[in-house]
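The primary structure of each chain is shown beneath.
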Amino acid sequence: MWLAAAAPSLARRLLFLGPPPPPLLLLLLSRSSRRRRRLHSLGLAAMPEKRPFERLPADVSPINYSLCLKPDLLDFTFEGKLEASAQVRQATNQIVMNCADIDIITASYVPEGDEEIHATGFNYQNEDEKVTLSFPSTLQPGTGTLKIDFVGELNDKMKGFYRSKYTTPSGEVRYAAVTQFEATDARRAFPCWDEPAIKATFDISLVVPKDRVALSNMNVIDRKPYPDDENVVEVKFARTPVMSTYLVAFVVGEYDFVETRSKDGVCVRVYTPVGKAEQGKFALEVAAKTLPFYKDYFNVPYPLPKIDLIAIADFAAGAMENWGLVTYRETALLIDPKNSCSSSRQWVALVVGHELAHQWFGNLVTMEWWTHLWLNEGFASWIEYLCVDHCFPEYDIWTQFVSADYTRAQELDALDNSHPIEVSVGHPSEVDEIFDAISYSKGASVIRMLHDYIGDKDFKKGMNMYLTKFQQKNAATEDLWESLENASGKPIAAVMNTWTKQMGFPLIYVEAEQVEDDRLLRLSQKKFCASGPYVGEDCPQWMVPITISTSEDSSHAKMKILMDKPEMNIVLKDVKPDQWVKLNLGTVGFYRTQYSSAMLESLLPGIRDLSLPPVDRLGLQNDLFSLARAGIISTVEVLKVMEAFVNEPNYTVWSDLSCNLGILSTLLSHTDFYEEIQEFVKDVFSPIGERLGWDPRPGEGHLDALLRGLVLGKLGKAGHKATLEEARRRFKDHVEGKQILSADLRSPVYLTVLKHGDGTTLDIMLKLHKQADMQEEKNRIERVLGATLSPELIQKVLTFALSEEVRPQDTVSVIGGVAGGSKHGRKAAWKFIKDNWEELYNRYQGGFLISRLIKLSVEGFAVDKMAGEVKAFFESHPAPSAERTIQQCCENILLNAAWLKRDAESIHQYLLQRKASPPTA
């Protein structure tokens with residue numbers, strides 16, 4: 001599953017779409033043990049006790065589900081008939097299954113060759129989402145058929161079997177019936193053994209109106225009139241392979257499609273809203289290239305005869321990898337050749353790559369339990385980049401990975417309230433919590449590090465061994481380590497356990513000494529903490545694959561070592577005194593580096609003259625920024641380094657720089673010198689803005705388009721006069737239909753005119769939103785609405801967020817945009833959430849969108865007392881699936897406050913000094 005909000009492209013790559021997200025991780029240093037005591041006094045440092053939970057008993061298990069469902073698209077109900085072939089392993093007089101929001105009408109069990117036994121009681125355990133079927137006589141070991149008739153609701157909560165609202169080309173509002181079962185919501189569509197390790201085959205039939213499209217995991221094998229109603233047909237699908245319940249899917253609605261065959265002969269279709277088939281072509285092309293790529297990489301064929309990719313109107317996640325029927329948000333699948341921007345193309349390519357990787361890694365071989373979710377998601381989040389790099393080498397996607405996933409994971413993982421990659425999960429309410437940047441982005445980052453440590457050849461060999469051994473079965477993290485260890489001969493389990501079983505990551509401190517013609521390096525590792533130097537007793541240790549490069553050859557490692565102790569000395573042979581030495585070539589190792597001042601001094605010219613590779617320039621800047629947030633170095637030192645990026649040509653380096661300046665701007669919005677940091681932003685971004693201009697030049701590509709949008713958005717938001725004037729002129733022409741804005745310029749222009757506009761500007765923007773036929777354009781507008789500054793208009797935007805005009809899943813980004821837009825916006829958004837909590841919580845039913853909403857809304861605060869206020873509110877308004885997020889947000893607020901107290905004055909003095917004597921480029 002791809003989480004739209006966890007989608008790295010949203011938080012960072014599309015940063016120019018609106019006010020920068022509130023800081024994910026704002027950090028503090030000294031007095032760190034005192035701050036930890038304060039966290040404890042606020043009750044923020046320890047997660048609450050977990051609820052008691054038991055997995056399903058193993059005495060009865062399914063072999064095959066024969067399932068027939070008849071949805072009513074007008075009354076929003078469905079009828080179901082289940083006949084499950086089951087194996088009774090030990091004598092019992094009851095069957096325990098998962099069941100939620102379903103009413104069972106009748107249930108019986110027919111032992112093979114014996115008489116039917118009717119259940120005499122259905123005991124629903126609503127809290128645990130289980131039902132116990134009681135039988136009057138004992139069910140003996142052997143096989144039989146469990147028959148259940150039941151009814152349920154097509155809910156509006158975007159989980160289980162639910163309804164999705166859409167508008168027909170003629171303007172009529174209708175509903176489709178669609179599914180989202182991961183993690184634990186198949187039980188809302190039919191009673192089942194809803195655990196990933198309890199696999200079975202499925203024979204699915206859907207009884208639907210004859211003018212609707214009906215889809216499921218497999219191909220249609222029969223379509224016949226329904227006896228009772230001539231307007232209804234029964235559609236039967238082929239039997240699935242052995243699979244987990246959370247991967248089952250069905251869709252009933254109105255769709256067009258485009259299709260092709262992959263070179264391996266698999267039928268690939270992309271289903272779109274009616275009249276928009278052309279918008280499915282880009283995803284179709286990506287999918288048709290991706291399937292053979294994965295088949296070759298894993299050396300295992302795709303096991304189903306077809307794969308459908310379908311755009312769903314109301315969809316909480318970004319996409320879901322249901323085997324053979326992958327569901328997507330419209331914005332994650334549809335590309336309009338004229339009206340889609342470059343970042344949307346890239347996002348679609350990544351999401352398609354992610355979900356199709358799951359067809360092998362997750363669907364063919366499935367995690368044994370949710371504890372190993374990271375293996376599914378971390379792996380798919382890594383290999384999607386490998387796949388996109390293969391399909392679109394011009395995207396420079398691996399550099400983008402560092403900004404989008406690697407640094408994002410490090411921000412979260414430096415907190416006291418982070419968690420290990422592998423988390424023990426029990427009750428279903430705990431599963432949603434681990435769909436976060438640790439499972440996805442840290443998971444992907446450590447797999448990238450592992451791939452680099454093993455080498456591609458042995459990695460592929462180990463992956464094939466793993467998939468072949470466990471196909472149609474379940475596996476745990478240790479099983480993958482064993483396969484990779486056998487393939488590579490390296491101590492994979494020993495190394496990787498230090499990264500998956502304990503939270504956090506190391507800070508490597510390095511200093512150097514010239515000894516004749518050699519360079520002696522002294523390395524030491526300690527846990528990196530957002531609150532400053534680690535002060536605990538027993539410091540965790542990691543086995544760290546470290547690469548070292550020098551200015552003699554900046555793109556190849558001079559030495560590779562495995563640092564398996566707290567301190568190490570290394571001798572680099574034949575390094576001249578004037579050569580620099582750098583750790584972590586390519587920013588692949590999941591650690592931060594702190595150089596001695598002499599080593600850092602020698603590296604900085606490599607930023608200005610571009611002799612350091614782009615990903616290393618990015619990594620160096622990002623490490624320094626994080627060290628400043630943690631109070632280990634001064635923020636002023638980082639501002640000086642940022643000025644060295646004046647000649648920077650690389651989009652991703654600018655993107656990361658922009659993100660960090662956005663974090664700093666949010667922090668300084670709490671001071672009276674916010675305008676001074678905007679002047680700094682304008683000084684840093686003006687030269688690249690002038691070089692790029694507004695219009696594409698011949699020969700420019702994907703990354704130039706992304707960079708132009710980023711830079712113009714940054715300058716416009718900061719109030720750069722020439723940018724603001726040109727944005728207003730182009731916006732006027734766009735609205736009047738004289739000259740339509742190119743898709744890549746819309747976000748920066750919309751943001752700029754709104755930020756510096758009035759009520760008329762907002763009204764025009766809301767009108768554009770209403771007129772937009774494409775969800776991408778609606779989302780683009782929704783994300784920037786929060787840039788408006790007047791309190792009255794901010795209130796208008798917040799009210800709009802909960803209106804019928806905004807799809808339920810997109811309300812979060814509108815409110816989040818307000819919170820990230822200004823100091824007043826942050827306060828107004830928080831008040832709005834408190835005032836409308838019941839409606840918001842009910843809408844998202846404790847799913848991950850509620851965590852996202854909380855995070856976006858409160859994390860930008862920088863006053864100690866706000867941490868207490870946030871904590872108090874959620875104590876009286878519990879949100880179980882967001883408990884960890886709330887703890888992290890409160891911790892971040894305290895960290896922000898400490899950063900401000902520590903560095904605000906020195907930052908102010910530096911900015912004033914710059915003003916008095918501007919630096920020369």
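Looking at an unreviewed UniProt entry, the protein chain carries the name Aminopeptidase, with the source organism given as Capra hircus. Regarding the protein chain, the UniProt comment filed under Sequence similarities (unreviewed entry) reads as follows: "Belongs to the peptidase M1 family."

Turning our eyes to something else, we now look at the UniProt feature "domain: Aminopeptidase N-like N-terminal" (unreviewed entry) in the protein chain. Within this structure's numbering, the places UniProt gives as "domain: Aminopeptidase N-like N-terminal" (unreviewed entry) are residues 62-247. Counted over residues 62-247, helix gives 0% and strand 61%. Its end C-alpha atoms are 16 Å apart.

When the pLDDT values of the protein chain are averaged, the result is 91; 94% of them are 70 or greater. Scored below 50 in pLDDT, residues 5-43 makes 149 contacts in the model with residues more than four places away or belonging to other chains.

It is worth spelling out the pairing of strand 23 (residues 506-515) at this point. The pairing of strand 23 with strand 24 (residues 518-527) spans ten bridges and is classified as antiparallel. Across the sheet, isoleucine 508 pairs through a bridge with glutamine 525, a residue of strand 24. Hairpin connection between strand 23 and strand 24: a loop of two residues separates the two successive antiparallel strands, and glutamate 516 in this loop has a positive phi of roughly 55°. Across four bridges, strand 23 lies against strand 29 (residues 592-595) in parallel orientation. Bridged to leucine 507 within strand 29 is arginine 592.

Further remarks concern the sheet that holds strand 7 (residues 130-139). Judged by pairing direction, the sheet is antiparallel, and its three strands sit side by side in the order 3-7-6 without closing on themselves. Each edge of the sheet is formed by a strand with only one pairing partner; in this case those strands are strand 3 (92-98) and strand 6 (121-125). Neighbour-to-neighbour, the strand axes of the sheet open up by a mean angle of 25°, direction not taken into account.

Below, the discussion takes up helix 28 (residues 864-876). Looking at helix 28, one finds that the buried residues are Met866, Ala867, Val870, Phe873 and Phe874. An end-on view of helix 28 places all buried positions within 130° of arc, on one side of the element. Exposed positions of helix 28 whose direction lies more than 90 degrees from the buried face are Lys865, Glu875 and Ser876. Structurally, helix 28 contributes buried residues whose contacts are with helix 25 (823-835), helix 26 (837-844), helix 27 (848-858) and helix 29 (883-916).

To continue, consider the sheet that holds strand 23. The four strands lie next to each other as 27-24-23-29, forming an open sheet whose pairing is mixed. Two strands bound the open sheet, and with one partner strand each, they are strand 27 (567-572) and strand 29. Recorded for the sheet is a direction-independent mean angle of 25° between the axes of neighbouring strands.

Let us look at the environment of threonine 120. Residue placement: threonine 120 occurs in the loop between strand 5 (117-118) and strand 6. Spatially, the C-alpha atoms of threonine 120 and serine 108 are 8.9 Å apart, while their sequence positions differ by twelve residues. Leaving out residues up to four positions away in the same chain, threonine 120 has contacts with Ser134, Phe135 and Pro136.

In total, this model carries 60 salt bridges according to the counting rule given. The residue glutamate 726 makes a salt bridge to arginine 729 at a minimum N-O spacing of 2.7 Å. With glutamate 726 and arginine 729 both in helix 19 (residues 721-735) and three residues apart, this pair spans about one turn of that helix. Its relative accessible area of 42% is what places arginine 729 among the partly exposed residues. The network of salt bridges with shared partners includes Asp101, Glu129, Asp185, Arg187, Arg188 and Asp194.

About the thresholds
Residues numbered from 1 in each chain as written. Predicted model: local features only at pLDDT ≥ 70, side-chain atom pairs only at ≥ 80, totals over all residues. Heavy atoms only, no water. UniProt positions renumbered as here; feature names shortened; annotations may be inferred. Helix = DSSP H or I, 4+ residues; strand = E, 2+ residues; numbered from the N terminus. pLDDT = per-residue confidence, 0-100. Contact = heavy atoms within 4.5 Å. Pairing = 2+ DSSP bridges. Axes fitted to C-alpha atoms, helices over the stretch in contact; angles between N-to-C directions. Buried < 20%, exposed > 50% of the residue type's maximum accessible area, 1.4 Å probe, protein only. Arc of directions from axis to C-beta. Salt bridge = Lys/Arg side-chain N within 4 Å of Asp/Glu carboxyl O.

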